[in-house]
Amino acid sequence: MRIGKLLLNNHLSLAPMAGITNTVFRSTAREFGCALAFTEMISAEGLVRGNYRTEEYLRRIPPDYPLGVQLFGSDAAAFAEAARIAEARGADLIDVNMGCPAKKVLRTGGGALLMKDPAKVRSIIKAIRNAVSLPLTIKLRSGWGRPNAGEIAAIAEDCGVDAVILHPRTPEQGFSGKPDWSLIEKLKKSLRIPVIGNGDVKSAPDAVRMQETTGCDGVMIGRASMGNPWIFRQVLNYGDKGSRMPDIEEKRRVLMYNINMIMELFERKTAVLLTKQNISWYVRGLPGSSAFRREVSGAAGAQEIRSLIAKYFAKLAAPEAK
Ligand SMILES: Cc1cc2nc3c(=O)[nH]c(=O)nc-3n(C[C@H](O)[C@H](O)[C@H](O)COP(=O)(O)O)c2cc1C
């Protein structure tokens, strides 16, 4: 799949998820076949002001390539300047968040509110397009009440956007109800540029079904990849005997990679939080996982967490030897 000048290894991407898709999470998804990943949404104005946390979102480790930097905001000049900064910091693609329904983002006039203002969409895209030569995408919801993703996407295509991502729920829906995949099909039929479908892809069969029923060029996966980076491999090998589930040793290795990298890259408080988050994802559904999670939550520090993990996985690998 190609987005502007960016040639991707396959059609799978990882969705931007605030508080989740940091460089370690993204690198793990890539190990199992995810071709394109995005930062969580970054405030365009925050980036321009040089806000420390915002800067942190741009941090990446070597496997984390190619990377889309997702910006949110409502001011065309700030978007243009933020895109320039992101380009200078090595971004491979810029994505504009036009779908976030969170109050915090709507208050800035950005996120899904942009879908109510086609003229603003036009000015923001033109400003970014003039500022950088990077591939440019937009990420949409279906629209407020009446779906107008098609209208917004047509403006975007006209102004030089290279691909459109659609999560076909309304902003009011949040994550409730079902996404209307038929809107992805409609969008695909109306545009020349690639369309990436998103929303409720929970398994390899879902990903295949989305592509087959909508004709979308790419499939973006979010929540289902938490603690399950293997989902990308499963989609790529679907129908093939090589598409195996991870065994306990692979789960342990991937969890430890995540924890070790998190502890190296993040300050202590964030590292502990992210570590516990990862542990709860990776042991979900495994025998004795609730008791294990309780033990971890009482642990004093990194070393103790590491040894609890080693003990837990050793017991899983050889249950009779405990
Ligand atoms: C915790 C969380 C954070 C999210 N943060 C963002 C974000 O920063 N930018 C964005 O465009 N979408 C964000 N989303 C939406 C996802 O990118 C995606 O559109 C949505 O989860 C539907 O895909 P899924 O069903 O595969 O998870 C977030 C979703 C979740 C669950």
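Given the structure is predicted, the values throughout are model-derived calculations rather than measurements.

Cut-offs applied
Residues numbered from 1 in each chain as written. Predicted model: local features only at pLDDT ≥ 70, side-chain atom pairs only at ≥ 80, totals over all residues. Heavy atoms only, no water. Helix = DSSP H or I, 4+ residues; strand = E, 2+ residues; numbered from the N terminus. Rg over C-alpha atoms; globule rule 2.2 N^0.38 Å. Buried < 20%, exposed > 50% of the residue type's maximum accessible area, 1.4 Å probe, protein only. Contact = heavy atoms within 4.5 Å. Lys, Arg positive; Asp, Glu negative; His and termini not counted. Charge placed at Lys NZ, Arg CZ, Asp CG, Glu CD. Pairing = 2+ DSSP bridges. Near = heavy atom within 4 Å. Polar contact = N/O pair within 3.5 Å; in protein donor to acceptor, adjacent residues only side chain to side chain. Areas by Shrake-Rupley, 256 points an atom, 1.4 Å probe, with all protein chains shown as cover. Domains from an automatic or database assignment. Buried area = accessible area lost by both parts, 1.4 Å probe. Salt bridge = Lys/Arg side-chain N within 4 Å of Asp/Glu carboxyl O. Nonpolar A, V, L, I, M, F, W, Y, C, P; charged D, E, K, R; others polar. Axes fitted to C-alpha atoms, helices over the stretch in contact; angles between N-to-C directions. Left-handed = near helix turned anticlockwise from the far one by under 90°. Core = buried A, V, L, I, M, F, W, Y, C linked by side-chain atoms within 4.5 Å.

Peer 1: Describe the overall build of the protein, listing the residues and the values that go with them.
Peer 2: Helix and strand counts for the protein come out as 14 helices and 11 strands. The C-alpha atoms of the protein give 20 Å as radius of gyration, which agrees with the globular expectation for 322 residues (20 Å, within 12%). With the C-alpha coordinates of the protein rotated into their principal frame, the extents come out at 65 × 45 × 35 Å. Counting over 322 residues, the protein shows a buried share of 56%. Within the protein, contacts between residues separated by at least 24 positions form 67% of all contacts whose residues are at least 6 apart in sequence. Charged side chains of the protein number 46 positive and 32 negative; the gap between the two group centres comes to 4 Å.

Peer 1: I'd like a rundown of the pairing of strand E11 (residues 218–221), residues and numbers included.
Peer 2: Residues Gly 218 and Met 220 line one face of E11 and the alternating positions Val 219 and Ile 221 line the opposite face, and both faces are buried. Relative to E11, strand E3 (residues 12–14) runs parallel, the two being bridged by three bridges. The residue bridging Leu 14 from the neighbouring strand is Ile 221, located in E11. Bridge count for strand E10 (residues 195–198) against E11 is three bridges, and the pairing is parallel. When the bridges of E11 are listed, Asn 198 appears paired with Met 220.

Peer 1: Give me the lowdown on the site of the ligand, citing residues and values where you can.
Peer 2: Lining the immediate surroundings of the ligand are 16 residues, of which Pro 16, Gln 70, Asn 198, Asp 200 and Arg 223 lie closest. Lys 139 places a side-chain nitrogen or oxygen 2.8 Å from an oxygen atom of the ligand. Protein chains bury 86% of the 610 Å² of accessible surface belonging to the ligand in isolation.

Peer 1: Describe the side chain of Asn 10, listing the residues and the values that go with them.
Peer 2: If you trace the backbone, Asn 10 turns up in the loop between strand E2 (6–7) and E3. Asn 10 sits in the buried class, given a relative accessible area of 13%. Of note is the side chain of Asn 10, whose polar atom sits 2.8 Å from the backbone nitrogen of Leu 12. For Asn 10, the contacting residues outside a window of four places in its chain are Met 1, Gly 33, Ala 35 and Leu 236.

Peer 1: Which residues make up the side chain of Ser 74, and what values do they have?
Peer 2: Assignment of secondary structure puts Ser 74 in the loop between strand E6 (67–72) and helix H4 (76–88). Since its relative accessible area comes to 18%, Ser 74 is described here as buried. Among the polar contacts listed, one links the side chain of Ser 74 to the backbone oxygen of Thr 108, at a separation of 3.0 Å. Aside from chain neighbours lying at most four places away, what touches Ser 74 is Phe 79, Thr 108, Gly 109, Gly 110, Leu 114, Lys 120 and Ile 124.

Peer 1: Lay out the domain arrangement of the protein in plain terms, naming residues and giving numbers.
Peer 2: Assigned domains of the protein: these are domain 1 (2–236) and domain 2 (248–321). Taken together, the contacts link 18 residues of domain 1 with 15 residues of domain 2. Summing the contributions of domain 1 and of domain 2, the shared interface buries around 1400 Å²; its carbon and sulfur component is 61%. Counting every contact that joins domain 1 to domain 2 gives two salt bridges. Between Glu 31 and Arg 253 there is a salt bridge, with its nearest N and O atoms 2.8 Å apart. Our count for the domain 1 to domain 2 interface comes out at six residue pairs in polar contact (both at pLDDT 80 or more). Listing elements by their share of the side of domain 1 that touches domain 2, those giving two or more residues are helix H1 (23–31) and helix H10 (230–236). Counting residues per element, the side of domain 1 that touches domain 2 draws most heavily on H1, which supplies six residues. Classifying every residue of the side of domain 1 that touches domain 2 gives nine nonpolar, six polar and three charged.

Peer 1: Account for the packing of H4 against helix H6 (residues 118–131), naming residues and giving values.
Peer 2: At a closest axis distance of 8 Å, the pairing of H4 and H6 adopts a crossing angle of 35°. Crossing angle aside, the handedness with which H4 passes H6 is right-handed. Along its contact with H4, which presents Ala 76, Phe 79, Ala 80, Ala 83, Arg 84 and Glu 87, the element H6 presents Ser 123, Ile 124, Ala 127, Ile 128 and Ala 131. Across the contact of H4 with H6, the residue classes tally to eight nonpolar, one polar and two charged.

Peer 1: Could you give me a rundown of the nonpolar core, with the residues and numbers involved?
Peer 2: If you look at the biggest cluster of nonpolar residues, it comprises 87 residues, and the most contacted ones within it are Ile 94, Met 98, Ile 138 and Leu 140. Residues lining this core come from more than one domain, with at least three contributed by each of domain 1 (2–236) and domain 2 (248–321). Sequence-distant contacts of Leu 140, that is, excluding residues within four places in its chain, are made with Met 98, Gly 99, Met 115, Ala 149, Ile 152, Ala 153, Val 164, Ile 165, Leu 166 and His 167. Listed in part, the 12 residues of the second largest apolar core include Ile 3, Leu 8, Ala 15 and Met 220.

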